[in-house]
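Spelled out, the chains give:
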Amino acid sequence: MSFVKGLQCRECGRPYPAELQAGCEDCFAPLEVDYDYEAAARELTRQRIAARPAAMWRYRELLPLESEPAVGLGTGFTPLLRAERLGRALGLKNLYLKNDSACFPTLSFKDRVTAVAVNKALEFRLEAVGCASTGNLANSVAANAAAAGLPSYILVPENLERTKITATSIYGSRLIAVRGNYDDVNRLCSQIADRHPWGFVNVNLRPYYAEGSKTVAFEIAEQLGWQAPDAIVVPMAGGALISKIHKGLSELRRIGLLKDAPTTRLFGAQAAGCNPIVSAVKRGSTEIRPVKPNTIAKSLSIGNPADGYYAAGFILQTGGGAEDAADPEISAGIQLLAETEGIYAETAGGVSIAVTRKLAAQGLIDPDGVTVVVVSGNGLKTPDAVELAEPEVIDAKIDAFERLVKGVAYVA
Amino acid sequence: MSLKVIIPAPLRKYTQGSEIVEVQASTVQEVIEQLDSRFPGIRASVCDESGGLRRFINIYVDGEDVRFLENLRTETRDGAEVAIVPAISGGSGEFRNWTNPAS
């Protein structure tokens, strides 16, 4: 059932067979999965997609598995919600939220990429899987590895949120906290992958893993009635998601599922305390200057983003833009989203909302256009990101209650 | 000054499979020159035509990315550990125009 032709170096074009390979051996650039698009176009019709289960595998012709998926069957096809109340607050008339805080099994968009990576690990008959992670990826690799019956080795920065540690360890993973930041963890992971015959989802499985992110774009287009939106706001850590959203929309056009060439402008969101891609975009450049992260948005704390060069390039090329948000703005973004739309996002979602507010205020997003904001993870994982009032305490007496709510208008 | 260089798997074709190579050098630039004189080809893999580090290559001196230090001019103390680590990346496409999708 596979339509994969092979892997290809993004920079020099050198082809590789579809095997375990982190990057090009000549220039170390990333590898891209290449498909037989003509054959995929014949199979993947709107009617066939509509008849398939509501999961990311409905686009399987454009995903790099050789056989039917064994894990992650329920992943993806998250809600695309019309956000009228939030839209009014931000001054955007056609605002939508792609709500991956409701992605299964671990409540972040990372379930899409690990579903592909762990299924590939099974296809390659690897002994174990692993990853370097800022948290969400750790949760997701651990869960899918458990479901696949594979041991997992997961490396995280030492300062990771407690909730994300629990939500990884629970699956029986070997969780290793590394003294240092994500970039230190990532370097170590890359060196481990050189020595041990394991599948590191964001190292030697990365060309396949990253393909899972395209399904965000596929779903947005399908859920808009096979239309590409005018703007997409995407949180950026390593920069892979926004790059793959570009690839996903391009592929839909290529195989004819989108009638017209997309004119979508891509907008990137980062925390002010870790904004190397935003800085590059604001300089009009694709050259990434690494930074030392310092923000509550730990899931976006990658100071040396592997795909930053590409992310900045796609943003500039599509006429989009990028903006960053300070920690108090991130917390306010989380609260605004929750209070207007009833969605509790983690810090990355707060970054997306805060940045969308700025881009709208600056007039960079067309207030009448269709704008989709990607909410990538769930707030239950980062409960310390907002400071809320303690609940009011009363005696279990009706008078006490009445005194408390006195003067508060009844809402019919 | 004697120091230890960790060679990543893709570059071990130049070092006859060695993962760790000892060199005498006082800057990262000298490390690369030393490596290239013993294992011709390494410099071209690590540096671009202008002599700077390739975009997808990172070099760490005692765990610190040289981009935070003095890049290739970063000094290396006696006994330092220099690691060459290709960036982990899975990028997606040149910056093709929407109207001209991938061929």
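Residues numbered from 1 in each chain as written. Chains lettered and ligands numbered in written order. Predicted model: local features only at pLDDT ≥ 70, side-chain atom pairs only at ≥ 80, totals over all residues.

### A word on the overall build of chain A
When you go through chain A residue by residue, the secondary structure sums to 15 helices and 13 strands. If you line up chain A on its principal axes, its C-alpha atoms span 75 × 45 × 45 Å. (Helix = DSSP H or I, 4+ residues; strand = E, 2+ residues; numbered from the N terminus.)

### Considering the overall build of chain B
Of the regular secondary structure elements, chain B holds 2 helices and 5 strands. When the helices and strands of chain B are read in sequence order from the N terminus, they spell out β-β-α-α-β-β-β. By the burial criterion, 33% of the 103 residues in chain B qualify as buried. (Buried ≥ 20, exposed ≤ 12 C-beta atoms within 10 Å, placed from the backbone.)

### As for the interface of chain A and chain B
For an interface, size is often stated in terms of accessible area lost upon the parts coming together. Taken together, the contacts link 42 residues of chain A with 27 residues of chain B. Only α7 (182-195), α8 (206-209), α10 (240-254) and α12 (308-317) of chain A provide two or more residues apiece to the side of chain A that touches chain B. Take the side of chain A that touches chain B: its biggest share by element is 8 residues, from α10 of chain A. Class assignment of the residues belonging to the side of chain A that touches chain B gives a composition of 17 nonpolar, 13 polar and 12 charged. (Contact = placed C-beta atoms within 7 Å. Nonpolar A, V, L, I, M, F, W, Y, C, P; charged D, E, K, R; others polar.)

### A word on the sheet that holds strand β9 (residues 199-200) of chain A
Sheets are built from strands that pair by backbone hydrogen bonding, the pairs being arranged parallel or antiparallel. Residues and elements named next belong to chain A. Spatially, 4 strands are ordered β8-β7-β6-β9 in an open sheet, and the strand pairing comes out parallel. Strand pairing shows two members of the sheet lacking a second neighbour, β8 (174-178) and β9, which therefore form its edges. The pairing of strand β7 (residues 152-157) with β8 spans 5 bridges and is parallel. Considered in β8, the bridge of Val-156 is made with Ala-177. Seen against the sheet, helix α5 (residues 136-148) touches β6 (129-132) and β7 and runs at an angle of roughly 170° to β7. (Pairing = 2+ DSSP bridges. Axes fitted to C-alpha atoms, helices over the stretch in contact; angles between N-to-C directions.)

### A few points about the nonpolar core
Of all hydrophobic cores here, the largest spans 129 residues; its most connected members are Val-233, Val-234, Phe-267 and Val-351 of chain A. It is helix α14 (residues 347-361) of chain A that contributes the most residues to this core, 7 residues altogether. Ignoring sequence-local partners within four residues, the contact set of Phe-267 of chain A consists of Ala-231, Ile-232, Val-233, Val-234, Ile-315, Gly-320, Gly-321, Ala-322 and Leu-359 of chain A. Among the nonpolar cores identified, the runner-up in size contains 19 residues, and Leu-11, Val-31, Ile-32 and Val-46 of chain B belong to it. (Core = buried A, V, L, I, M, F, W, Y, C linked by C-beta atoms within 7 Å.)

### Examining the packing of helix α13 (residues 327-341) of chain A against α14 of chain A
Residues and elements named next belong to chain A. At their nearest, the axes of α13 and α14 sit 7 Å apart, and the two run at 90° to each other. Considering their axes alone, α13 and α14 lie roughly perpendicular with respect to each other. Residue-level inspection shows Glu-329, Ile-330, Ser-331, Ala-332, Gly-333, Ile-334, Leu-336 and Leu-337 of α13 in contact with α14, the latter providing Thr-347, Gly-349, Gly-350, Val-351, Ile-353 and Ala-354. Looking at the contact of α13 with α14 residue by residue, the class counts come to 8 nonpolar, 5 polar and 1 charged. (Parallel < 35°, antiparallel > 145°, perpendicular 65-115°, else oblique.)

### Observations concerning α14 of chain A
Residues and elements named next belong to chain A. Compared with the 21 Å implied by 1.5 Å per residue over 15 residues, the 21 Å span of α14 between its first and last C-alpha is a close match. When you tally the buried positions in α14, you get 13 out of 15 residues, the bulk of the element. Following α14 by one or two positions, Gly-363 has its phi on the positive side, about 75°. (Expected span 1.5 Å × (residues − 1).)

### Structural notes on the pairing of β6 of chain A
All names here are of chain A. Here β6 shows no split at all, with Val-129 and Cys-131 on one side and Gly-130 and Ala-132 on the other all buried. Where β6 and β7 come together, 4 bridges link them in parallel fashion. Its bridge partner being in β7, Ala-132 is matched across the sheet by Leu-155. The handedness of the β6 to β7 crossover, carried by α5, is right-handed. (Right-handed = clockwise from strand over helix to strand, strands pointing away.)

### Here's the deal with the sheet that holds strand β10 (residues 231-235) of chain A
All names here are of chain A. Read from one edge to the other, the open sheet built from 6 strands follows the order β4-β5-β13-β10-β11-β12, with strand pairing classed as mixed. Strands with a single pairing partner mark the edges of an open sheet, and in this sheet they are β4 (80-82) and β12 (321-325). With strand direction ignored, the average angle separating the axes of adjacent strands in the sheet is 25°. Across 6 bridges, the pairing between strand β5 (residues 94-99) and strand β13 (residues 370-375) is parallel. Counted as the bridge partner of Asn-94 is Val-370 from β13. α12 contacts β11 (265-271) and β12 of the sheet and is inclined by roughly 135° relative to β11.

### A look at the environment of Val-203 of chain A
Residues and elements named next belong to chain A. With respect to the element layout, Val-203 can be found in the loop between β9 and α8. Judged by local crowding, Val-203 falls into the buried class, with 26 C-beta atoms found within 10 Å. As for Val-203 and Ala-102, which are separated by 101 residues in sequence, their C-alpha atoms are 26 Å apart.

### Points about the environment of Ala-145 of chain A
Residues and elements named next belong to chain A. Positionally, Ala-145 belongs in helix α5. Taking the C-alpha atoms as reference points, Ala-145 and Gly-6, 139 residues apart in sequence, are found 25 Å from one another. Each residue touching Ala-145, except ones within four places of it in the same chain, is listed here: Val-118, Val-129, Leu-150, Ser-152 and Ser-173.

### Here's the deal with the pairing of β5 of chain A
Residues and elements named next belong to chain A. Along β5, 5 of the 6 residues are buried, which leaves the element largely enclosed by surrounding structure. With 3 bridges joining them, β4 and β5 adopt antiparallel strand pairing. Bridging from a neighbouring strand, Arg-82 pairs with Tyr-96 of β5.

### Some remarks on the packing of helix α4 (residues 110-123) of chain A against α5 of chain A
Residue and element names in this part refer to chain A. Running from N to C, α4 and α5 cross one another at 40°; their axes reach a closest spacing of 9 Å. With respect to each other, α4 and α5 are oriented oblique. Crossing of α4 against α5: the hand is right-handed. Counting all contacts with α4, which are made through Lys-110, Asp-111, Thr-114, Ala-115, Val-118 and Leu-122, the residues of α5 involved are Asn-136, Leu-137, Ser-140, Val-141, Asn-144, Ala-145 and Ala-148. Residues of the contact of α4 with α5, tallied by class, amount to 7 nonpolar, 4 polar and 2 charged. (Left-handed = near helix turned anticlockwise from the far one by under 90°.)

### Concerning the confidence of the model for chain B
Residues and elements named next belong to chain B. With 84% of its residues at a pLDDT of 70 or more, chain B has an overall mean of 84. Confidence, expressed as mean pLDDT per element, reaches its minimum in chain B at strand β4 (residues 64-65) with 91 and its maximum at helix α1 (residues 28-38) with 96. The model gives residues 89-103 a pLDDT under 50, and that stretch makes 44 contacts with residues more than four places away or in other chains. (pLDDT = per-residue confidence, 0-100.)

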